Amino acid sequence: MNRLSRRMLLRDLGAAGLSGFAPFTGIDGALAAQGEQLLVVMWGAAWIEVCRKIAEVYSAKTGDSVAWELHAGGAMAIVAKMKPLWPHVSYNLVSGWDPVFRAMIREDWVLPVSLDEMPALKDIPPAFFQKNDKGELVSVPLSTSGAFWGYRTDLVDSPVESIEQLLEPRFKGKLCVPFPVNLTGLLMLTLAVQRGGNERNIEPGWQFLKELASKGQIGRVINNNSEFIDSMSSGETSVAFFNIGAWTTVRKRFPVKILSRLKDNKGYLFNEGFAVIKNDDPRKVAAAKAFANYFATPAINEQYNWPLGEGPTNPNARANPDVADVFYSPQELTQYAYIPDYEYMSSQVDAWAKRWEQEITPLIRRA
Amino acid sequence: MSMSVLRRVLLSPGLLILAVLVVAPITLMALESLRPFVGGRAGGTTGWTLRNYTELTQPAYAYYFWDTFRIGFIASAAALLLATPLAWQAARTTQPALRVLIFGLLISLLFMSLIAKLYAIQMTFGPTGPFAALGTLIGVPARSPQYAQVQVFIGLLHFVLPLATLMMIGTFQNISPRLEEAASSLGAPRWSVALSVTLPLAVPGLLAAFMIVFAACISNFVVPLILGRGVVLFATNLMYTRFSDIADYPSGAAIGVIMLVLAGTMVYAMTAIVRRLVPADVQR
């Protein structure tokens, strides 16, 4: 009969603990079953669901395994999380969107990608990539996405044709809007565009926002997808400005009209995807690039974007027909779409967030 | 080895751990609060500045600090008010079943996920919940920002009530029931015994419980985040935004330092008030 000794217990506990912490410490080798173990940061909700399915098949094919970590709040939070840990960061791939990539590029955390190493990228239009100062490609674009105004048609009595209508008394307390750190201040931009401004002339947006806040129209200020879905699904609010991924979740349950073709406003487009994070281990880097490349292949790019309601970046992948009405034909792009200067906007978010705290929240509270 | 040397030797590991775990992070935070920040970058840059403090002198920030302390104070006071009779009952009851019931309820509440409790409150008392009429009853429409404060109060109360009650049970168990019996045998009515004997003896315990639940309230982050609907923000939420969302560590650190100073001052003031009001022999 085997007796459990203290030494055996400590050895077993140590092995179990180390294998549990392996993704965070970079400890692998003997403890990993086979292949490389990657740590990938991804969004929750529909994103992680589809990614887990894709990764299962990938792991079975390649032997590489994937541990997932979820973004807490907006994707920009990952930059703040990585900063104090750098260079001891175990993430191999980080999902993000244009402003997040810009912030990581400024910190010099991201590895360039090449079409030779990642053949699936050859199909993706060059305009979708983020580049560094040397002109190298430093993002793996997987989705074309956007932020739009929209409303639940079962809760709003007559159609909304201009966001100027949101000042009407019927919308008192019914607006759900993101805090400026979310979507990197696109809310300020859409309000500015409405009044003739743009990202570098944002003041008209602040004035419009103050009108909305002082009239009591803003019922909820959200910080992430979950809060948006919660607020719109419960009927607490009925009109909102947010990203198409979260809108798609609400659309599956309730009748929603996305205002992607407003006469006097725009839809705000951006790309989402992966950034390959610097790592001393070339095998990890190669495995991370191979995994990102897999996501960019036509079949997987389609599988990934279909449930998210986002557009695939690979032209050989099909878009979900349920969101086809939201996105634009090439002819419509100039009329309805706006691609902001995210580099500039991400440099302003700190100031905009503080201005919101100083000027907008007090107005909402007093309304 | 003399006793004093031995005492120092024995204390040194604890002091070292305290220095590493408490003093070092607070010192680093205080230093970070004096660093300049460049928009779009992560963390502070080189140099020194007081800008992170001066920008908090904007009147709007007084509201955030005021909300944090005001709502935290009200929730803590309400928790003690509700916890005291419950704790007294649990400590003095002669029915074991009742004691088990009270302890079971409190411990279940402690173990229940805070997130689950908060979403349950939101579903029940939120603007679309079945008890949204509570707002109308107290003159605050359920969709108004003021009602968000009521929800945050309910959330904090849920959070600290079991803590306060469990701490107060210990306090009442340490007060000899013979003192109350002696007062009763001399003809004092029960209310008089409670006010003139039990309550004064319980003051140190009440104060300790209040300070702990108050600290738990003002440092709470999740309750205002979920129930505040983005319009009731505690200082912790402002800090989180700075540290996590925009990587403006210096500004987040400045709020942390101010919170530390304000909370320390409040604790000192409350302790001083109790010292004046409560006789020294009771304090001991």
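No experiment lies behind these values; they were computed from the predicted model shown. (Residues numbered from 1 in each chain as written. Chains lettered and ligands numbered in written order. Predicted model: local features only at pLDDT ≥ 70, side-chain atom pairs only at ≥ 80, totals over all residues.)

A. Looking closely at the overall build of chain A. If you tally the helices and strands in chain A, you get twelve helices and eleven strands. Expected size for 367 residues packed as a compact globule is a radius of gyration near 21 Å; at 22 Å, chain A falls within 12% of this value. Buried residues in chain A amount to 50% of all 367 residues. (Helix = DSSP H or I, 4+ residues; strand = E, 2+ residues; numbered from the N terminus. Rg over C-alpha atoms; globule rule 2.2 N^0.38 Å. Buried ≥ 20, exposed ≤ 12 C-beta atoms within 10 Å, placed from the backbone.)

B. Main features of the overall build of chain B. Helix and strand counts for chain B stand at 13 helices and zero strands. Listed N to C, the secondary structure of chain B is α-α-α-α-α-α-α-α-α-α-α-α-α in terms of helices and strands. A principal-axis box enclosing the C-alpha atoms of chain B has dimensions of 70 × 70 × 35 Å. A total of 284 residues make up chain B; the buried ones form 35% of that total. Residue pairs at least 24 apart in sequence account for 71% of intrachain contacts in chain B once pairs closer than 6 positions are excluded. (Contact = placed C-beta atoms within 7 Å.)

C. Seen up close, the packing of helix α3 (residues 59–92) of chain B against helix α9 (residues 190–218) of chain B. Residues and elements named next belong to chain B. Relative to each other, α3 and α9 sit at 140 degrees, their axes nearing to 9 Å. The angle between α3 and α9 places the two elements in the oblique class. In the packing of α3 onto α9, the handedness of the crossing is right-handed. Contacts from T68, F69, G72, F73, A75, S76, A79 and L80 of α3 reach α9 at L206, A209, F210, V213, F214, C217 and I218. Classifying every residue of the contact of α3 with α9 gives twelve nonpolar, three polar and no charged. (Axes fitted to C-alpha atoms, helices over the stretch in contact; angles between N-to-C directions. Parallel < 35°, antiparallel > 145°, perpendicular 65-115°, else oblique. Left-handed = near helix turned anticlockwise from the far one by under 90°. Nonpolar A, V, L, I, M, F, W, Y, C, P; charged D, E, K, R; others polar.)

D. Summary view of the nonpolar core. Membership of the largest hydrophobic core comes to 164 residues, with the highest contact counts inside it found for V79, L93 and A292 of chain A together with L156 and V160 of chain B. Residue contributions to this core peak at 14 residues, all from helix α7 (residues 145–173) of chain B. If sequence neighbours within four positions are ignored, A292 of chain A has contacts with L93, M118, V140, F274 and V276 of chain A. (Core = buried A, V, L, I, M, F, W, Y, C linked by C-beta atoms within 7 Å.)

E. Spotlight on the interface of chain A and chain B. Contact with chain A, which involves 35 residues of that partner, is made by 27 residues of chain B. Elements that contribute at least two residues to the side of chain A that touches chain B include exactly α3 (77–82), α4 (98–106), β6 (218–222) and α12 (342–366) of chain A. Looking at the side of chain A that touches chain B element by element, the count peaks at 14 residues for α12 of chain A.

F. Representation of the environment of L187 of chain A. Residue and element names in this part refer to chain A. Looking at the secondary structure, you find L187 in helix α5 (residues 186–194). The class for L187 is buried, based on 25 C-beta atoms found within 10 Å. Sequence separation between L187 and A240 is 53 residues; the distance between their C-alpha atoms is 9.9 Å. Not counting chain neighbours up to four residues away, the residues in contact with L187 comprise V177, P178, P180 and F241.

G. Fine view of unusual backbone geometry. A cis amide bond, omega 10 degrees, links W86 of chain A with the succeeding residue P87 of chain A. Positive phi values are uncommon outside glycine, yet R229 of chain B reaches one of about 55 degrees. According to the C-beta neighbour criterion, R229 of chain B is buried, with 29 such atoms within 10 Å.

H. Representation of the packing of helix α2 (residues 45–62) of chain A against helix α10 (residues 298–308) of chain A in the model. Residues and elements named next belong to chain A. Packing of α2 against α10 leaves a shortest axis separation of 9 Å and a crossing angle of 155 degrees. On the basis of the axis angle, α2 is roughly antiparallel to α10. Handedness of the crossing formed by α2 with α10: right-handed. Contacts between α2 and α10 involve A46, W47, V50 and I54 from the former and I300, Q303, Y304, P307 and L308 from the latter. In the contact of α2 with α10, the residues fall into eight nonpolar, one polar and no charged.

I. Fine view of the domain arrangement of chain A. Residue and element names in this part refer to chain A. Its domain assignment divides chain A into domain 1 (6–144 + 270–322) and domain 2 (147–268 + 336–366). Using C-alpha coordinates to define each centre, domain 1 is positioned 30 Å away from domain 2. Counting from both sides, the interface comprises 13 residues of domain 1 and, opposite them, 15 residues of domain 2. When residues of the side of domain 1 that touches domain 2 are traced back to their parent elements, those giving at least two are α2 and α4. Classifying every residue of the side of domain 1 that touches domain 2 by side-chain character gives seven nonpolar, three polar and three charged. (Domains from an automatic or database assignment.)

J. Main features of the confidence of the model for chain A. In the predicted model, chain A carries a mean pLDDT of 88, and the fraction of residues at 70 or more is 91%. Confidence drops under pLDDT 50 across residues 12–33 of chain A; counting only partners more than four residues distant or on other chains, this segment forms 17 contacts. (pLDDT = per-residue confidence, 0-100.)

K. Structural context of α10 of chain A. Residues and elements named next belong to chain A. Those residues of α10 lying buried are I300, N301, Y304, N305 and L308. Viewed along the axis of α10, the buried residues span an arc of 115 degrees, placing them on a single side of the element. Buried residues along α10 sit against α2, β4 (140–152), α8 (244–251), α9 (282–296) and β10 (311–312). Backbone geometry just downstream of α10 places G309 in the positive-phi region, at approximately 70 degrees. (Arc of directions from axis to C-beta.)

L. Representation of the pairing of β6 of chain A in the model. All names here are of chain A. Of all the five residues making up β6, five are buried; the element is thus mostly covered by neighbouring parts of the structure. Note that strand β5 (residues 175–178) and β6 share four bridges and pair parallel. Counterpart to P178 in the pairing with β6 is I222. (Pairing = 2+ DSSP bridges.)

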